[in-house]
Amino acid sequence: IGRNAVSGAAKLKEVILPISIKHISNEAFSSCTSLCKINVPQDATIEPYAFSKCRNLANADGFVIINNHLQSYLGAETDVVVPEDVHTIFANAFAQNKKITTIKLPDSVRSVDVSFVWGCTSLEEIVVPQHVTLTASMFRDCPKMIDEKGLLVINNTLLLYNGRDSSVIIPDGVETVCASAFANNQIIKSVKCPVSVKVIETGSFSNCAKLHTVEL
């Protein structure tokens, strides 16, 4: 089903797709505001915005979930617990939600899109399975995820430092310093790592012009 194939069909309420459908493109059903029921073959691939602005597809808790993919969250809760059996968090699933303070993802989640929480300005905590790869860029415009020292730490991984101190002490418990943690930082002069650190990814300190000491 191609891009914008049924987009804007405001009176459409139910869709039955044949098992021959293998792919649903971005915005294929976008803004089908009355759509409340659709069956999608399990082996069909779904692009992230295929069902954008389809509010009536949301379940009682405000989740738009199709074939184990979380398309979006439209609920009113500030503490959000994503249902079990969700495998993928699509682009902008929570983006620009200014009320959410915590999100808990189940162990069933395998991957999250880079923009899944962009602009969640009240987000303070997120629980993510250890096997899910995270990067600092996923938390764009999420200022409360960064602590008072300018550190963004999730799952014992230091994702980012954007503080103002030139001497940085990484807190105990951090096991991994990811590639983006200090890269291109023009302020830091020294970094002290705790004994808990096991991995310092390639590029963690790249282009840090003033850095002269990393204590392990």
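This text gives an overview of the structure that appears in the document.

What counts and what doesn't
Residues numbered from 1 in each chain as written. Predicted model: local features only at pLDDT ≥ 70, side-chain atom pairs only at ≥ 80, totals over all residues. Heavy atoms only, no water. Pairing = 2+ DSSP bridges. Helix = DSSP H or I, 4+ residues; strand = E, 2+ residues; numbered from the N terminus. Axes fitted to C-alpha atoms, helices over the stretch in contact; angles between N-to-C directions. 1 Å grid on protein atoms, 1.4 Å probe; cavity = no way out; pocket = protein on both sides within 12 Å on 5 of 7 lines; lining within 4 Å. Points joined across faces, edges and corners; volume = space filled by probe spheres on them. Nonpolar A, V, L, I, M, F, W, Y, C, P; charged D, E, K, R; others polar. Phe/Tyr/Trp six-rings, centres within 6.5 Å; stacked < 30°, edge-to-face > 60°. Buried < 20%, exposed > 50% of the residue type's maximum accessible area, 1.4 Å probe, protein only.

A word on the sheet that holds strand S7 (residues 79-81). Reading across from one edge, S7-S9-S11 is the order of the 3 strands in this open sheet, with parallel pairing throughout. Each having just a single partner strand, S7 and strand S11 (125-127) make up the two edges of the open sheet. Here the average twist between neighbouring strands, direction ignored, is 5°. Relative to strand S9 (residues 102-104), S7 runs parallel, the two being bridged by 3 bridges. Counterpart to Asp79 in the pairing with S9 is Thr102.

As a further point, take the layout of surface pockets. Empty space within the largest pocket amounts to approximately 250 Å³. In this structure, the largest pocket is lined by 14 residues; those nearest its centre are Tyr49, Phe51, Ser52, Lys53 and Ser72. The class makeup of the residues in the lining of the largest pocket is 8 nonpolar, 4 polar and 2 charged. There is about 190 Å³ of room inside the second largest pocket. For the second largest pocket, the full set of lining residues is Gln130, Val132, Thr133, Leu134, Ile154, Asn155, Thr157, Leu159, Thr176, Cys178 and Glu201. Here the residues of the lining of the second largest pocket sort into 5 nonpolar, 5 polar and 1 charged.

All right, on to the packing of aromatic side chains then. Per the counting criterion, the structure on display carries 6 aromatic pairs. Arranged with centres 4.9 Å apart and planes meeting at 45°, the rings of Phe63 and Tyr73 form a pair that is tilted. Here Phe63 is found in strand S5 (residues 63-66), whereas its partner Tyr73 is found in strand S6 (residues 69-73), with 10 residues between them in sequence. For Phe63, a relative accessible area of 5% puts it in the buried group. Seen from their ring centres, Phe116 and Phe139 are 6.4 Å apart, and the 70° between their planes marks the pair as edge-to-face. Of this pair, Phe116 sits in the loop between strand S10 (111-112) and S11 while Phe139 sits in the loop between S11 and strand S12 (151-154), and the two are 23 residues apart along the sequence.

Further remarks concern the pairing of strand S13 (residues 157-161). The buried fraction of S13 is high, at 4 of 5 residues. Looking at chain direction, S12 and S13 are connected through 4 bridges and run antiparallel. Residue Leu151 lies in a different strand from S13, and its bridge partner there is Tyr161. Taking the residues between adjacent antiparallel strands as the criterion, S12 and S13 are bridged by 2 residues, where Asn155 takes a positive phi near 55°. Two elements, S13 and strand S15 (residues 176-177), share 2 bridges in a ladder whose sense is parallel. When the sheet's bridge partners are listed, Thr157 is paired in S15 with Thr176.

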